[in-house]
Amino acid sequence: MIECIRFTEGAYRDEVHSHPFGQLSLQRVGTTVFSTEDGERFMTPGRLCWIPPEFMHGFYSPGRMEGLSAFIPPEESVAMPKRITIFRTNPFIDALMQKMAEAEEGSTQIQHIWWVVVDELSTATPDELYLPAPKDVKLREMTDFLASNPAENFPVQYWAERLHMAERTLIRRFRAETGMTIVQWRQHARVMAAIKLLTAGESVTQAALAAGYDSLSAFIAVFKQVTGELPSQFVRK
């Protein structure tokens, strides 16, 4: 049986786990960060997150969050992605999720609406705010530090010496494991750190400084490049 509920939570954390049902969540307020073995994915307002049945994940929200969640039996999940996936929503999908939440529990109406949602998402392109995590232990030491200390700006030479690698080896291996250059990854990590602060109520200027940006205009440019919107637009949401 498909069930759809509204959720309202304060700051919240749930350690790595899985569940026998699929889950599709629509974020309307706040930010939720999903952690998996290959990195972190950020669900911000206007995005949907699909989690398949039995898929290992953890999540947390640094502040208040609101939205809708649909819980889907395994037999109704077969046409959905086999990995955690985040999509950008649209007014039609938003209305469908709202209709599911308003429908009588166990009604055929929910089932019919779900089939329409699946059809809509089958042609949607994932739109993820994603911070990949390398598998290499040495590289993971580097990325864990940078994610926790976004304002630090140690040069590649520092990390090559600390990790006992040649600079070229470090650069090549980092890109092979994450799909990003070190500069790109650091930019994403700083924006993700800023998103957490903005969600917790910090101002754009405070978030920019804490994320390591001396120039507000530079921060705004990178934020828009990574997220597709201005920090002020994100705050309004």
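Sequence order as written defines residue numbering, which begins from 1 separately in each chain. At least 70 in pLDDT is required for a residue's local features to be given in this predicted model, at least 80 for side-chain atom pairs to be given and counted, and no such filter applies to totals for whole chains, interfaces and linings, which use all residues. With hydrogens and water set aside, each side-chain value is computed from the structure's full complement of heavy atoms.

*Asks:* Help me understand helix α2 (residues 108–122), please; the structure alone is not making it clear to me.
*Replies:* Every α-helix winds through 3.6 residues per turn, so residues three or four apart in the chain are directed the same way. Strands here are runs of E lasting at least two residues and helices are runs of H or I lasting at least four, both read from the DSSP assignment and numbered beginning at the N terminus. To estimate the expected span of a helix, count its residues, drop one, and scale the result by 1.5 Å. The end-to-end C-alpha separation of α2 is 21 Å, in line with the 21 Å expected for 15 residues at 1.5 Å each. Taken together, the buried positions of α2 are Ile110, Ile113, Trp114, Val117, Val118 and Leu121. Buried residues of α2 fall within an arc of 150 degrees about the axis and therefore sit on the same side. Among the exposed residues of α2, those pointing more than 90 degrees away from its buried face are Thr108, Asp119 and Ser122. Here, residues are in contact when the closest pair of their heavy atoms is within 4.5 Å. Buried-residue contacts for α2 involve β3 (22–29), β6 (47–51), β8 (65–72), β9 (85–88) and α1 (91–102). Buried means the residue's accessible area, taken with a 1.4 Å probe over protein chains only, is under 20% of the maximum for its type, while exposed means over 50%, and partly exposed covers the values in between. Along the arc lie the directions from the helix axis toward the C-beta atoms.

*Asks:* Sorry if this is basic, but what is going on with the pattern of salt bridges here?
*Replies:* Between side chains of opposite charge, a pair can form when the charged atoms approach closely. By salt bridge we mean one thing: a side-chain nitrogen of Lys or Arg within 4 Å of a carboxyl oxygen of Asp or Glu. Enumeration over the complete set of coordinates arrives at 11 salt bridges. A salt bridge links Asp127 to Arg47; the nearest nitrogen and oxygen atoms lie 3.5 Å apart. Here the residue Asp127 occupies a position in the loop between α2 and β10 (129–132), and Arg47 occupies one in strand β6, the gap between them amounting to 80 residues. Overall, the relative accessible area of 0% leaves Arg47 in the buried class. You can call Asp127 partly exposed: its relative accessible area is 24%. One connected set of salt bridges, linked through shared partners, spans Asp38, Arg41, Arg83 and Glu128.

*Asks:* It is not clear to me how unusual backbone geometry should be interpreted in this structure. Could you clarify?
*Replies:* Trans peptide bonds make up the majority, and among non-glycine residues the majority have a negative phi. The phi dihedral of Glu54 falls on the positive side, at around 65 degrees, and the residue is not glycine. Note on placement: Glu54 falls in the loop between β6 and β7 (57–61). Located in the positive-phi region is His164, a residue other than glycine, with phi close to 60 degrees. Counting through the fold element by element, His164 comes out in the loop between α4 (156–162) and α5 (167–178).

*Asks:* Sorry, what's going on with the pairing of strand β4 (residues 32–36) here?
*Replies:* Residues in a regular strand point their side chains to alternate faces of the sheet. Across the five residues of β4, four count as buried, placing the element largely inside the fold. Note that β4 and β7 share three bridges and pair antiparallel. Pairing of Ser35 across the sheet is with Gly58, part of β7. Strands qualify as paired when DSSP identifies two bridges or more between them.

*Asks:* How should I be thinking about the packing of aromatic side chains in this particular structure?
*Replies:* What characterises a pair of aromatic rings is the spacing of the ring centres plus the angle enclosed by the ring planes. Ring pairs are drawn from Phe, Tyr and Trp, using the six-membered ring of Trp, whenever the two centres fall within 6.5 Å, and their geometry is named by plane angle: stacked under 30 degrees, edge-to-face over 60, tilted for the rest. Taken as a whole and assessed by the stated rule, the structure comprises 13 aromatic pairs. Here the aromatic rings of Phe174 and Trp185 are separated by 6.3 Å at their centres, their planes lie at 90 degrees, and the arrangement is edge-to-face. Pair noted here: Phe174 is in helix α5 and Trp185 is in helix α6 (residues 182–199), with a separation of 11 residues, a long-range link. Owing to a relative accessible area of 0%, Phe174 belongs among the buried residues under this scheme. Exposure remark for Trp185: the relative accessible area of 2% places this residue in the buried category. A connected cluster of aromatic rings, assembled from ring pairs, spans Phe145, Phe154, Tyr158 and Trp159. When the ring centre of Tyr60 is taken as reference, the NZ or CZ atom of Arg13 above it lies at 4.5 Å. A cation over an aromatic ring shows up here: Arg41 above the ring of Tyr130, its NZ or CZ 4.2 Å from the ring centre. Throughout this description, the term charge over a ring refers to an Arg CZ or Lys NZ atom that lies within 6 Å of the ring centre and within 35 degrees of the ring normal.

*Asks:* Help me out: how do you make sense of the side chain of Ser77 in this one?
*Replies:* With respect to the secondary-structure elements, Ser77 resides in the loop between β8 and β9. With residues near it in sequence (within four places) discarded, Ser77 still touches Gly22, Trp50, Pro53, Ile72 and Lys82.

*Asks:* Looking at this structure, how should I read the pairing of β3?
*Replies:* Of all eight residues that make up β3, six are buried, and the element is covered over most of its length. Two strands pair when backbone bridges link them, and β3 and β6 are joined in this way by four bridges, in the antiparallel orientation. Looking across to β6, one finds that Ser25 is bridged to Cys49.

*Asks:* Would you mind showing me how to read helix α3 (residues 137–148) here?
*Replies:* Relative to the 16 Å expected for 12 residues at 1.5 Å per residue, α3 spans 16 Å between its end C-alpha atoms, a close match to the ideal helical length. Taken residue by residue, α3 has Leu139, Met142, Thr143 and Leu146 as its buried positions. All buried residues of α3 project into a common sector of 90 degrees when viewed along the axis, lining one side. Residues of α3 that are exposed and point more than 90 degrees away from the buried face comprise Val137 and Ser148. As for α3, its buried residues are in contact with α4, α5 and α6. Polar contacts here mean pairs of N or O atoms no more than 3.5 Å apart (in protein, one a potential hydrogen donor and the other a potential acceptor; neighbouring residues in sequence count only if both atoms are side-chain atoms). Its side-chain oxygen at 2.9 Å from the backbone nitrogen of Lys138, Asp136 defines the N-terminal cap of α3.

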